[in-house]
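Reading the structure
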Amino acid sequence: MFAERGYRDATVREICAAAGANIAAVSYYFGDKFGLYRAVLRVAHDESRRRHMSGVPGDAPPEAQLRAWVGGFLRKLLDPERPQWLPRLMMREMVEPTPALDEVIEESIRPQFDQLAGIIAALTGRRRASRWVREEAVAVVGQCLIFRHCPVVLDRMLGVKVLSAGRIEELADAVSERVLRGLEKERRGPGRVAGRGARGRGVRP
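A short tour of the structure in this document, coming up.

Here the focus is the pattern of salt bridges. Scanning the model with the defined rule gives 14 salt bridges in all. One salt bridge connects Arg167 with Glu170, and the closest N-O pair in it is separated by 2.5 Å. Here Arg167 and its partner Glu170 are both found in helix α10 (residues 167-188), three residues apart, which amounts to about one turn of the helix. Judged by relative accessible area, which is 18%, Arg167 ranks as buried. The partly exposed category is assigned to Glu170, whose relative accessible area is 45%. For Arg181, the salt bridge is made with Glu177, and the minimal N-O distance between the two is 3.9 Å. Remark: Glu177 and Arg181 occur in helix α10; sequence separation between them is four residues, near one turn of the helix.

Inspection of every chain in the model, using the stated rule, returns seven aromatic pairs. Seen in terms of ring centroids, Tyr7 and Phe34 are 5.9 Å apart; in terms of plane orientation they differ by 80°. Their pairing is edge-to-face. Here Tyr7, found in the loop between α1 (2-5) and α2 (12-19), pairs with Phe34, found in helix α4 (residues 33-52); they are 27 residues apart in sequence, far enough to count as distant. Ring centres 4.8 Å apart and planes at 85° place the aromatic pair Tyr28 and Tyr29 in the edge-to-face group. In terms of burial, Tyr28 and Tyr29 fall into one category: exposed. Here the guanidinium or amino end of Arg126 rests over the ring plane of Trp132, the centre of that ring lying 4.3 Å away.

Conventions adopted
- Residues numbered from 1 in each chain as written.
- Predicted model: local features only at pLDDT ≥ 70, side-chain atom pairs only at ≥ 80, totals over all residues.
- Heavy atoms only, no water.
- Salt bridge = Lys/Arg side-chain N within 4 Å of Asp/Glu carboxyl O.
- Helix = DSSP H or I, 4+ residues; strand = E, 2+ residues; numbered from the N terminus.
- Buried < 20%, exposed > 50% of the residue type's maximum accessible area, 1.4 Å probe, protein only.
- Phe/Tyr/Trp six-rings, centres within 6.5 Å; stacked < 30°, edge-to-face > 60°.
- Lys NZ or Arg CZ within 6 Å of the ring centre and 35° of its normal.

As structure tokens, then:
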């Protein structure tokens, strides 16, 4: 109901009617509608992380860690068995954020993002907290998200069925290889424009 209508338009009465539950159960277990909504978001993210983002081996080479991270993230995004209300719910939360978004970021999204930033830092010798590393992490996330949000467009642009059976691991390999090539160039030393640093920002962070 939250995914279809959004937090503001979905009502406790409708939710309880659809669930066959007494309306008083929401107050008893969750306090109010917002408490119920927070619980839904937390369960959704915890389940996705448990199923798909737990396989990054901390003692493996950073190249293998990157491949594992990208593969887990793509499987989470593209899992055909994932209930479709989950991505719709999160898209609504991104477009129409509630105070629960900050909790989701701190409890679920930021730890995954920091893990990715740590892998990129290990691959390049840069500080994990640097702006450059975090922007590179955002770019990696973006390369994965496009397969979730634009598959029909990609099918037409590339002339192949992007999300056909068995393609997730293939996509993970392709994204990882592309990222590693770019990071290797950075590790060896980026090209410079006279008087300016990487990406035109002057001093490298």
